[in-house]
Amino acid sequence: MRDTTIDRGTKTSLKLGRPQLHKVILHNDDFTPREFVMLVLAAVFRLGEDDSYRIMMTAHKLGACVIAVYAQDIAETKASEAGDLAREAGFALLFTTEPDE
Ligand code: NFA
């Protein structure tokens, strides 16, 4: 099979770009207890106590805070899991996602 050639260029045209990352954002409200916000941040976003406190307080003071950045499907799943936990507990705590840059 001396004359066999292998095309190594085709993949280039099929290659997908880097997946777009999305931010998950915590929004402040006047009713959800600080401790509950920290509990959700720890449970869903695997944040330790110090990070949970810092992110909760930043949202509390500034109105919103980026929690973390993930691939789009992970970001959306975590935002809705966190929102579900809040709603089940009777709080209107809001998590949104948006493209990172
Ligand atoms: N602002 C809420 C309070 O004072 C705490 C809170 C922080 C809620 C961050 C939502 C997000 N109980």
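Numbering of residues starts from 1 in each chain and follows the order in which that chain's sequence is written. Owing to the predicted nature of the model, reporting of local features is limited to residues with pLDDT of at least 70; listing and counting of side-chain atom pairs is limited to 80 or more, with chain, interface and lining totals taken over all residues. Heavy atoms throughout the structure, all of them, feed into the side-chain values; hydrogens and water do not.

**Student:** Would you take a moment to explain the site of the ligand for this structure?
**Tutor:** The environment of the ligand is formed by Leu26, His27, Asn28, Asp29, Thr32, Arg34, Val37, Met56, Ala59, His60 and Leu93. Throughout this description, a polar contact denotes any pair of N or O atoms lying within 3.5 Å of each other; where both atoms belong to protein, one of them has to be capable of donating a hydrogen while the other can accept it, and for residues adjacent in sequence the pair is counted only when both atoms sit in side chains. In the model, a nitrogen atom of the ligand is placed 2.7 Å from a nitrogen or oxygen of the asparagine 28 side chain. The separation between a nitrogen atom of the ligand and a polar main-chain atom of aspartate 29 is 2.7 Å. What sets the accessible areas is the Shrake-Rupley method with a 1.4 Å probe; for residues, cover comes only from the shown protein chains. Here the ligand loses 89% of its free accessible area of 330 Å² to cover by the protein chains. For the shell around the ligand, the secondary structure elements donating two or more residues are strand S1 (21–27), helix H2 (34–45) and helix H3 (49–62). In DSSP terms, a helix is any run of H or I states spanning at least four residues, a strand is any run of E spanning at least two, and both are numbered starting from the N terminus. Here the shell around the ligand gets three residues from one element, more than from any other, and that element is H3. In terms of residue class, the shell around the ligand is built from five nonpolar, four polar and two charged. Being near a molecule or strand, for a residue, comes down to having at least one heavy atom within 4 Å of it. Under the scheme applied here, ten amino acids are nonpolar (Ala, Val, Leu, Ile, Met, Phe, Trp, Tyr, Cys and Pro), four are charged (Asp, Glu, Lys and Arg), and all others, including Gly, are polar.

**Student:** What's the story with the sheet that holds strand S3 (residues 94–99) in this structure? I'm lost.
**Tutor:** Each strand in a sheet pairs with its neighbour through backbone hydrogen bonds, running either in the same direction (parallel) or in the opposite one (antiparallel). Pairing is antiparallel in the open sheet, where three strands are placed in the order S2-S1-S3. Both outer strands of the open sheet, strand S2 (64–71) and S3, are each paired with one neighbouring strand and no more. Taking each pair of neighbouring strands and ignoring which way they run, the sheet shows an average axis angle of 25 degrees. As paired strands, S1 and S3 are joined by six bridges and run antiparallel to one another. Opposite histidine 22, over in S3, you have proline 99 as the bridge partner. Most of the contacts of helix H4 (residues 72–88) go to S2, to which it runs at about 135 degrees, and overall it touches S1, S2 and S3. Paired strands, as defined in this entry, are two strands with at least two bridges between them according to DSSP. To get an axis, a line is fitted to the C-alpha atoms, and for a helix only the part in contact is used. The angle between two axes follows their N-to-C directions and goes from 0 to 180 degrees. Pairs of residues are marked as contacts when any of their non-hydrogen atoms sit within 4.5 Å.

**Student:** Mind showing me how you'd approach the packing of H2 against H4 here?
**Tutor:** Helix-helix packing is described using two parameters, namely the angle between the two axes and the distance between the axes. Close contact between H2 and H4 brings their axes to 10 Å; oriented N to C, the two are set at 140 degrees. The orientation of H2 with respect to H4, classified from their angle, is oblique. Here H2 runs over H4; the crossing is right-handed. Each of Phe36, Val40, Val44 and Phe45 in H2 lies in contact with H4, whose residues at this interface are Lys78, Glu81, Ala82, Leu85 and Ala86. Of the residues belonging to the contact of H2 with H4, the class tally is seven nonpolar, no polar and two charged. What sets the label is the angle itself: under 35 degrees gives roughly parallel, over 145 gives roughly antiparallel, 65 to 115 gives roughly perpendicular, and the rest give oblique. Should the near helix be turned counterclockwise from the far one by less than a right angle, the crossing is left-handed, whereas a clockwise turn marks it as right-handed.

**Student:** How should the pattern of salt bridges be read in this particular structure?
**Tutor:** Two side chains with opposite charge may pair up if their charged atoms get near one another. Whenever a carboxyl oxygen of Asp or Glu lies within 4 Å of a side-chain nitrogen of Lys or Arg, that contact is scored as a salt bridge. Inspection of the entire model under this criterion finds three salt bridges. The salt bridge involving lysine 23 is made with glutamate 98; its shortest N-O contact spans 3.3 Å. Of this pair, lysine 23 sits in strand S1 while glutamate 98 is found in strand S3, placing the two residues 75 residues apart along the sequence. With a shortest N-O distance of 3.1 Å, aspartate 84 and arginine 87 are connected by a salt bridge. Highlighted residues: aspartate 84 and arginine 87, both in helix H4, separated by three residues, approximately one helical turn. Only protein chains enter the calculation, and the probe is 1.4 Å; a residue is then buried if its accessible area is under 20% of its type maximum, exposed if over 50%, and partly exposed in between. Accessibility expressed as a relative area gives 33% for aspartate 84, which makes it partly exposed. Judged by relative accessible area, which is 58%, arginine 87 ranks as exposed.

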